Structures are given as structure tokens and as C-alpha cells.
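# Observations on the model geometry
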Amino acid sequence: MAVGAFTFAPNFYNLPTIQVVQAEVKMYSGVGEDYPSQIENMEVSRLRAVDKAVKSAVEKAGVALSAYSRAKNFNLTENEIVAITSNTYQIIGEPKCEKVIHQVSDLSSVVIWHVTVEVNVDDSEIQKWMRLDTKESSKIVNQTQENLKAAEENTAKVENLRKRLATESDKEKLKAEFEQVDAEFLSNQKLAEGIKLYYRKKLSEAVAALEEAVKFNPSNADAWQVLGEIYTTYLKDKDKALECLNKAVEIDSDHMKAWAGLGLLYYYDFGNKNKSAECYNRAAKIGESIVTKNPNDVENLIKLGQVYTEMTLVNMSDGKKAVEYFNKAIAIAPNNKEAWLRLGAFYIYPSQKYDKVIECYKKALDIDPNDVNILNMLAVHYALFTKDSNKAIECCNKALSIDPEFSGAYTSLGHTYKATKNFVKAIENYKKATELAPDDSFSWRWLGEAYKEVNDYPDAVACYEQALKIAPKDDFMWYELAGLYNDEMKNPYKAIECYTKAIEINPTDKYYYTMRAYCYEALGDKASAKSDHAKAKELK
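### Here we look at the overall build of the protein
- From N to C terminus, the protein includes 24 helices and four strands.
- Over its C-alpha atoms the protein spans a radius of gyration of 26 Å, differing by no more than 12% from the 24 Å that the globule rule assigns to 540 residues.
- Each principal axis of the C-alpha atoms in the protein carries an extent, and together these give about 90 × 55 × 45 Å.
- Expressed as a percentage of its 540 residues, the buried residues of the protein come to 53%.
- A separation of at least 24 residues holds for 62% of the contacts in the protein among residues at least 6 apart in sequence.
- A total accessible area of about 24,800 Å² is found for the protein, and carbon and sulfur atoms account for 49% of it.
- Here the protein carries 70 positive and 80 negative side-chain charges, and the mean point of each set is 4 Å from the other.

Quick look at the structure:
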């Protein structure tokens, strides 16, 4: 299995610690060499040799993990195996680096960096991968592949520069070019680290790594895009997200993911439908161009279908294009479960064709019966849309029989029991989800909602506050906590504090001002209430 160029720098960043109980961990070794010229940075050359050694070790791990996947009937693609090994390996000890000086003649010598590394890869990472929803796993696969491609291109640039050294006399110019290529290499190292941490949901560490990536190379559009995605989806910092995504498209005007991200951000976070439409249309145009040139490119057909799905959700498309591209992908690759799942998810909104949803999800499950994520998606659909709690519970239990530590199944059980008004069981399962995924803000929020249903307001507040520690820029969660304080706990002072937080994060939502005005009225502060009502009216 060809893994491609793999980037890694020892001691260049902190490696995440993987702790898995009763897991089979295997060790793989790899060797790498680099032959720098005299005008190159020796430390960067050493890192390139380490990079090659890790690539060799990770490639071996990928071959073994692929065989393990087949033996366990996990239907994983080669790119998924690459994503798993690339984002979960651990280096054992320090790489063994040897600098060898080979005397070519009395007047010249060649430096060779020889590096040996050993890495661990845990078989159980496949099960962790299966817990990811389709959108998440697809995102990690794409980010990993894009980073590997950038690394390959960087290696080609270095080799080209080394060839030019023999024929070009302007060494200072070549040295400057080497420095630029080295900066790109170091930036890609940090991007790889950021993706690895993002996969682990270590978001603050991922952001730190990605910010270093753009310091090394401010023109790294992919790093800016991933940063924007984290700020949009998880950290809820719309201003930082906008800054990062705009940087990405300034650098690469054909960055489809960044344009789609801007479309999403402008619509939901800034309420600017015109700008949203402009960005989504740009993303769609780029995608159309790609699939016109490569009509059998399944990956990009799915990406384009997803862009049109998002456009349909915000009433910028009638949905026909989304269905068309997903079906084209399925026609080319009928065993591509992502295409089936994306098509199924499309049928939930806005068409509400629930029979089609189940049909597509079951097709995906036929392809991979051990995919706990597909079982979970079916469970959510049964619980929330077709109101079939028995089938929802059946799917969750089957998922847990495959992977007892799959937090998503406990969350879905919580949704199911909540929908049937069994709040005691809902709380029990939401709590289990927070134990297994303590950094998931939504799990804490849902647990808080369940406590609210049984009038346990102190515990509800504690859950919301925990969620906000994880996602402090989530204005809607501040709004919900404010409502809890005002409506249930009759504490308008705390409610005003929370509404104010929501307004600081999102000053364009008129409802935040209206609700804060009611709190001021309850306290007899007519001036502040009048000011907020006026602001709300202005925002209409």
C-alpha cells in the first residue's frame, strides 16, 4: 500500500498520548536518509530524514492495519487506513539520528543524515475511527490526503533545487529558495500536527499548532482553512473564523472547502444571505470545474454534492444538483458508503423523505455491517423523525455490542428516552456519553436539557457551564443558560450576565436584546430595558 510522503518532526511538537485499555499495540520500524547540499539548513535536512523514516514505519503499519481491518470485516478504504495510521501513531523514544560525512575527494565531501525510528500503532484505533460520523471521518481523510500531497510537492521542490545547484552559479538566490522551501516544509509539519490533534479533539493544542504553521508559511491556505473550520464548528469564534477563511481564499482562490466554509459562516453566524450565496456559488463553480475535468472523481462528486446540500438547506438550491452528484458517485462506486450516507442525510432536510433516508442508510450498512456510526445514524433517525423508539434502541444496542465505548450510541439512547419522556433513562445515558467524551460540549448541553426536564435546575446549570468551558464562544448556549436562570430559577441578574455574554459574541441577534430587556424590566431598570428594546427593533 502506497502511503505517500509523510511529514513529522521529532521534538518539534508534543505528541499526544494514547491510552487504550486492553488494546493490541504493535511496533514498526523505519529508516530514512537525506543528502543536504552545503548551502542547506542542516537541522531541516535532519528533520527531512526523520520524515522519511516515519513514512517508512507508518507505511508498514498501514499494511498491517489493512490486513487487520479485513480480518475483522471492517470495510475501510486505503485512504481511511492512511488517515488512521497518520493521525494515531506514537514514536517510541527518540529517533536515532546519525550524521555521516562521506569524503568524495580531497576537496569535497557529502553529508548524509541516517535516521531510524520506531513507532507504535494501536489496532483499536480502527474502532475509534468507526465512531466518527461520516462528515468527520471524510474531513480527516481529505485533510490528511491534502497534507500528504503538499509534502510530496515540497520534496519534489527540494530535489529540483539540488539538481539546479550543479548548473546554476547564483548560490545566494538558490539559498533563498531553499529557505522558502524549508519554511513550507516546517509549515506542513505543523499542519500535520494540527490535523492529528484535531482528530483527537485537542482543539486548543490544534489551534496552537496551526497558528505556528501559518507563521512558518503565511501562504499555507490549507492551514488557514482548517483553522477557520475549528473556529466555526467548535470554538464558535465567528470573527476568527472569518479572518482565517478569508486568508485561505486570498491565497488560493480555488479553495472549494474554504469558500463553502465562508458560505456557511456568513449565513448562520453573520446573517448575511447575499455574501453566503456569493461564497456558496463560488464553491459550486469550482467543484463543477473539477468534476467536468474528472467526471469519474468520486471524492469530488461527493464534495460537490455536499456543497449543494448545504445550499439547499439555506434555500439557495432546489436540491436536484445534490441528488445528481451523489447518484453519479454511487453509479461509479456503488460500494462507497459515504455517498449513500450523504444522500440519506440529504433526504432528511428539506424534503423529509424519511423512507429514502432509511433506504440509503441501510444500503451503507449492507456495505459495512460493523460501522457503529451508521447504526447510530439510523438510531437518531428512528428516534427523532420516525418516532420508532424500539428500532432506535435496537440500533444503539447493536452498536454498543460492537463497541461498548461508543459515546454516540449513549447520546442517541438519551435522545430516544427523552423523546419518550423517560427522563431518568435519558439522564443515565447522557451521563455515560459525557464520561466517554468529556470534551464534547453538545453532550453536556443535552444532559443539561434532560436535568431541566426533571426540574433539577442546579445540575442543569452545572452542565451548561461545563459545556461553555469547552465552547465559550457559543452564543446560543449562553442564551439557553440565560433562559434557564430567568425562567426556571427566577434569577434575572444571572440571566442578564448570560444574555450579555451572548450579545458580546453575537451582537446582531435581536432576540438576545429583547430577552435581556425583559430581565431589566423585571428589575425595574426602565432605561436599560428601553435601550435594549430599541436595539432589537433596529435589528429587525
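### Quick look at the confidence of the model for the protein
- Looking at the protein as a whole, the pLDDT averages 90, with 95% of positions reaching at least 70.
- Across the protein, the element-wise mean pLDDT spans from 79 in helix α3 (residues 125-131) up to 97 in helix α8 (residues 238-251).

### Focus: the environment of Gln 466
- Mapped onto the elements of the fold, Gln 466 is located in helix α20 (residues 457-470).
- Its relative accessible area of 26% is what places Gln 466 among the partly exposed residues.
- Separated by 27 residues in the primary sequence, Gln 466 and Asp 439 place their C-alpha atoms 9.2 Å from one another.

### Concerning a nonpolar patch on the surface
- The grouping of Tyr 268, Leu 313 and Tyr 349 at the surface amounts to a nonpolar patch, some 320 Å² of accessible area in total.
- Tracing the backbone shows Leu 313 in helix α11 (residues 298-313).
- When its relative accessible area of 39% is taken as the criterion, Leu 313 is described as partly exposed.

### Regarding the pattern of salt bridges
- In this structure the tally under the stated criterion is 32 salt bridges.
- Salt bridges linked by common partners bring Asp 34, Glu 40, Lys 52, Glu 159 and Arg 162 together as one network.

### Structural notes on the packing of helix α1 (residues 42-71) against helix α5 (residues 171-199)
- α5 packs onto α1 with a crossing angle of 45° between their chain directions and a minimal axis gap of 11 Å. Comparing the axis directions of α1 and α5 gives the class oblique. Along this stretch, α1 crosses α5, giving a crossing that reads as left-handed. Contact residues: Val 44, Leu 47, Arg 48 and Asp 51 in α1; Val 181, Asp 182, Phe 185, Leu 186 and Gln 189 in α5.
- Taken together, the residues of the contact of α1 with α5 sort by class into five nonpolar, one polar and three charged.

### Comments concerning the packing of aromatic side chains
- Within this structure, the stated rule accounts for 11 aromatic pairs.
- Summarising the aromatic geometry, the rings of Tyr 267 and Tyr 268 are spaced 5.0 Å apart at their centres and angled 75° between planes, so their arrangement reads as edge-to-face.
- With centroids separated by 5.1 Å and ring planes inclined at 35°, the aromatic side chains of Tyr 479 and Tyr 512 adopt a geometry described as tilted. Note that Tyr 479 is positioned in helix α21 (residues 475-488) and Tyr 512 in helix α23 (residues 510-522), a separation of 33 residues in sequence.
- On the accessibility criterion, Tyr 479 (23% relative accessible area) is partly exposed.
- Residue placement shows Lys 432 over the ring face of Tyr 410; its charged tip is 5.9 Å from the ring centre.

Cut-offs applied
- Residues numbered from 1 in each chain as written.
- Predicted model: local features only at pLDDT ≥ 70, side-chain atom pairs only at ≥ 80, totals over all residues.
- Heavy atoms only, no water.
- Helix = DSSP H or I, 4+ residues; strand = E, 2+ residues; numbered from the N terminus.
- Rg over C-alpha atoms; globule rule 2.2 N^0.38 Å.
- Buried < 20%, exposed > 50% of the residue type's maximum accessible area, 1.4 Å probe, protein only.
- Contact = heavy atoms within 4.5 Å.
- Areas by Shrake-Rupley, 256 points an atom, 1.4 Å probe, with all protein chains shown as cover.
- Lys, Arg positive; Asp, Glu negative; His and termini not counted.
- Charge placed at Lys NZ, Arg CZ, Asp CG, Glu CD.
- pLDDT = per-residue confidence, 0-100.
- Patch = residues over 30% accessible without salt bridge, like charges linked within 9 Å, V, L, I, M, F, W, Y side chains within 5 Å.
- Salt bridge = Lys/Arg side-chain N within 4 Å of Asp/Glu carboxyl O.
- Axes fitted to C-alpha atoms, helices over the stretch in contact; angles between N-to-C directions.
- Parallel < 35°, antiparallel > 145°, perpendicular 65-115°, else oblique.
- Left-handed = near helix turned anticlockwise from the far one by under 90°.
- Nonpolar A, V, L, I, M, F, W, Y, C, P; charged D, E, K, R; others polar.
- Phe/Tyr/Trp six-rings, centres within 6.5 Å; stacked < 30°, edge-to-face > 60°.
- Lys NZ or Arg CZ within 6 Å of the ring centre and 35° of its normal.

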